[in-house]
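Observations on the model geometry
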Amino acid sequence: MSKKTATASKPSRTVTEFGTISTVLGRETHFSGILNFKKPLEISGEFQGEIESEGFLLVSEGAKVRANIKAGTVIVGGEITGNVIATQRLEMLPSGKVNGNIKTAKLQIADGVIFEGNCEMILPNKD
C-alpha cells in the first residue's frame, strides 16, 4: 500500500543584497497611510500615502503606488506617482513607470521605462 503525501508549494521569496524580503503587500492589498519599515519590503498591490525607510523597497510589476517615497534602495517594476528619494540606489525595470521627481546616488534605467519628471543626483545617504 503506497502512501501519498500532499506537498504544498511555498511561495518563493525574493532575496536581495539586503536579505530576504520579509513583508509583501500582495496584489489584492489596498493600503493607505504612512509606511515605515526596516526589513526589505515588496509592494505588489496598491498603496497611497507616504513611505519612509532607510531600507530596501521593491514596487513590483502591476503595483500602483501614489506616494512620496524616501528609502535607501528603490526598485521600480510597477507604477509610482510621487517624488522618490533613494539615498543609495534607484533602479527602474522595463515595466517601471515613475511620474514625479527623483533624487538618488545611483540610477539605473532599463529600456522601456516611462519616466516623467526631473532627476537630481546626490551623494549617498544625503537628501
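Residues numbered from 1 in each chain as written. Predicted model: local features only at pLDDT ≥ 70, side-chain atom pairs only at ≥ 80, totals over all residues. Heavy atoms only, no water.

The protein chain is annotated in an unreviewed UniProt entry as Cell division protein of Leptospira haakeii. UniProt annotates the protein chain under Sequence similarities (unreviewed entry) with the comment "Belongs to the bactofilin family." (UniProt positions renumbered as here; feature names shortened; annotations may be inferred.)

1. Topic: the pattern of salt bridges
Tallied over the full model, the rule gives one salt bridge. For Arg-89, the salt bridge goes to Glu-91, with nearest N and O atoms at 2.7 Å. Summarising the burial analysis for this pair, Arg-89 and Glu-91 share the class buried. (Salt bridge = Lys/Arg side-chain N within 4 Å of Asp/Glu carboxyl O. Buried < 20%, exposed > 50% of the residue type's maximum accessible area, 1.4 Å probe, protein only.)

2. A few points about the pairing of strand E7 (residues 56–59)
Residues Phe-56 and Leu-58 line one face of E7 and the alternating positions Leu-57 and Val-59 line the opposite face, and both faces are buried. Taken together, the three bridges between strand E5 (residues 41–43) and E7 define a ladder with parallel strand orientation. Each residue of the ladder has a partner; that of Glu-42, found in E7, is Leu-58. Bridge count between E7 and strand E8 (residues 64–76): four bridges; the pairing is parallel. Bridging across to E8, Phe-56 finds its partner in Thr-73. (Helix = DSSP H or I, 4+ residues; strand = E, 2+ residues; numbered from the N terminus. Pairing = 2+ DSSP bridges.)

3. Focus on the environment of Lys-70
Turning to its location among the elements, Lys-70 is positioned in strand E8. Taking the C-alpha atoms as reference points, Lys-70 and Ile-51, 19 residues apart in sequence, are found 6.2 Å from one another.

4. Notes on the nonpolar core
Within the largest apolar cluster, 24 residues are counted, with the highest numbers of intra-cluster contacts made by Ile-43, Ile-51, Leu-57, Val-65, Ile-69, Val-74 and Ile-80. Going through the elements one at a time, E5, strand E6 (46–52), E7, E8 and strand E10 (84–92) are the ones with two or more residues in this core. Of all the elements, E8 adds the most residues to this core, at six residues. With sequence-adjacent residues up to four places away left out, Leu-57 is seen in contact with Phe-37, Leu-41, Ile-43, Ile-51, Ile-69, Thr-73, Val-74 and Ile-75. (Core = buried A, V, L, I, M, F, W, Y, C linked by side-chain atoms within 4.5 Å. Contact = heavy atoms within 4.5 Å.)

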